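# Results of the structural survey
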Amino acid sequence: MSAVLEIGGLTVAAGEIVAVLGGNGAGKTSLLETVLGFRPGPVRLLGRDVAGLGVEQRVLMGVGYVPERRRVFASLTVQENLEASSSLAARERRQRMAEMMALFPMLGERPQARAWLLSGGQQQMLALARALMNRPRLLLLDEPSLGLAPVVVGDLLARLSAMAAEGLAIVLAEQRASQALRVARRGVVLSRGRIVRSGPAAELAADPTLADLMAGG
C-alpha cells in the first residue's frame, strides 16, 4: 500500500489505523501539529514533500483534525459548526452536511442545538463530523477518548474502524493504549518526541513492557 503520511519513522497507508501512544509530554500532540503544519518539520503527504506548505494548504490536500478536548465552536449550532469547517462549494457542502447528519444521528436530531448544550460524547461526534466535512484522506485524532464514558468511546472506535475500512488513513494519538490498539493495525510508542517501540497492534498490546514505555514520557 502507498503511504498517505510519512513523518520520521511513522508511515500510514490508506485504510489503516495507526495508534500513536505515550504519556503526557511524550510528543503525541507535537507530532500531529507537525503533520498539520503548525510546527516545522519534514512531512510527506500522498507522496509529496509538504514542508513548505501551510496549514490551510495541507487541509485542502486532505488532512482532517480532531484536537484534544474537541474545541467545537460552543456558541454556534451543530449546523453552523459544520458549515464553518467546510471549504466545499455550497451545493456539495449541503450534500456533505446531510451525509454527516446521517452518519451521526445524534447530530441529525439536533441540528439547531448550540454546541455548548451537547454532551461530551455529542461534542466529540460533532468534532469528528467537522473534521470529515472536507472529505479528508488522512484523519488525525488527539486523545479522542479523553473525558468520555466507556460506551461512548466504544461507539467512537467502532466508527473509526468503519471509516478505515472505507479507505481513510487514521492516526489515533492516545494515552489509553489498550483501547487504541484494539482498533489499530499498527502502533508506535513515543517518548520525548522519539519513537521507542513500533509494531503490529496485537504484539504491542501483549508486550509486558508497554506500560513502562508509556510511563517514560
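Owing to the predicted nature of the structure, the values given are computational and were not obtained by experimental measurement.

## Quick look at the overall build of the chain
The helix and strand inventory of the chain stands at 10 helices and 10 strands. A compact globule built from 217 residues would reach a C-alpha radius of gyration of about 17 Å, and the chain, at 17 Å, matches this within 12%. For the chain, the spread of C-alpha atoms along the principal axes amounts to about 50 × 40 × 30 Å. Within the chain, buried positions represent 49% of all 217 residues. At a minimum sequence separation of 6, the contacts of the chain that also span at least 24 residues come to 69%. Computing the positive centroid from 25 side-chain charges and the negative centroid from 19, the chain places the two 3 Å apart.

## With respect to the packing of aromatic side chains
Within the structure shown, the criterion is met by 0 aromatic pairs. Its end group placed over the ring of Phe-73, Arg-130 keeps NZ or CZ at 4.8 Å from the ring centre.

## With respect to the sheet that holds strand β5 (residues 48-49)
Ordered by their spatial adjacency, 4 strands build an open sheet running β2-β1-β4-β5, and the pairing between neighbours is antiparallel. The sheet is open, and its two edges are formed by β2 (10-13) and β5, each paired on a single side. With 2 bridges connecting them, strand β4 (residues 44-45) and β5 associate as antiparallel partners. Residue pairing for β5: Leu-45 is matched across the bridge by Arg-48. Along the sheet face, helix α1 (residues 28-36) touches β1 (3-7), β2 and β4 and points at about 120 degrees away from the line of β1.

## Remarks on the environment of Glu-109
Position of Glu-109 among the secondary structure elements: in the loop between α5 (105-108) and α6 (120-132). Judged by its relative accessible area of 66%, Glu-109 is exposed. Sequence separation between Glu-109 and Gly-120 is 11 residues, and the spatial gap between their C-alpha atoms is 16 Å.

## Comments concerning the side chain of Thr-34
Here Thr-34 is to be found in helix α1. With residues up to four places along the chain from it excluded, the contact list for Thr-34 reads Ile-7, Arg-39, Pro-40, Gly-41, Val-43 and Arg-58.

## Topic: helix α7 (residues 150-165)
For α7, which comprises 16 residues, the first-to-last C-alpha distance of 23 Å matches the rise-based estimate of 22 Å (1.5 Å per residue) to within 8%. Every buried residue belonging to α7 is among Val-153, Leu-156, Leu-157, Arg-159, Leu-160, Met-163 and Ala-164, and all of these are buried. Each buried residue of α7 lies within a common arc of 160 degrees when the element is viewed along its axis, so the set occupies one face. Along α7, the residues that are exposed and aim more than 90 degrees away from the buried face are Val-151 and Ala-165. Backbone geometry just downstream of α7 places Gly-167 in the positive-phi region, at approximately 110 degrees.

## Notes on the pairing of strand β8 (residues 169-174)
Counting buried positions along β8 gives 6 out of 6 residues, so the element sits mostly inside the fold. Inspection of the sheet shows strand β3 (residues 17-21) paired to β8 by 5 bridges, in the parallel sense. From the neighbouring strand, Ala-19 faces β8, where its bridge partner is Leu-172. One ladder, built from 5 bridges, connects strand β7 (residues 138-142) with β8; its direction is parallel. Each bridged residue has a counterpart across the sheet, and for Leu-138 the counterpart in β8 is Ala-169. After leaving β7, the chain enters α7 and then returns to the sheet as β8, a path that is right-handed.

What counts and what doesn't
Residues numbered from 1 in each chain as written. Predicted model: local features only at pLDDT ≥ 70, side-chain atom pairs only at ≥ 80, totals over all residues. Heavy atoms only, no water. Helix = DSSP H or I, 4+ residues; strand = E, 2+ residues; numbered from the N terminus. Rg over C-alpha atoms; globule rule 2.2 N^0.38 Å. Buried < 20%, exposed > 50% of the residue type's maximum accessible area, 1.4 Å probe, protein only. Contact = heavy atoms within 4.5 Å. Lys, Arg positive; Asp, Glu negative; His and termini not counted. Charge placed at Lys NZ, Arg CZ, Asp CG, Glu CD. Phe/Tyr/Trp six-rings, centres within 6.5 Å; stacked < 30°, edge-to-face > 60°. Lys NZ or Arg CZ within 6 Å of the ring centre and 35° of its normal. Pairing = 2+ DSSP bridges. Axes fitted to C-alpha atoms, helices over the stretch in contact; angles between N-to-C directions. Expected span 1.5 Å × (residues − 1). Arc of directions from axis to C-beta. Right-handed = clockwise from strand over helix to strand, strands pointing away.

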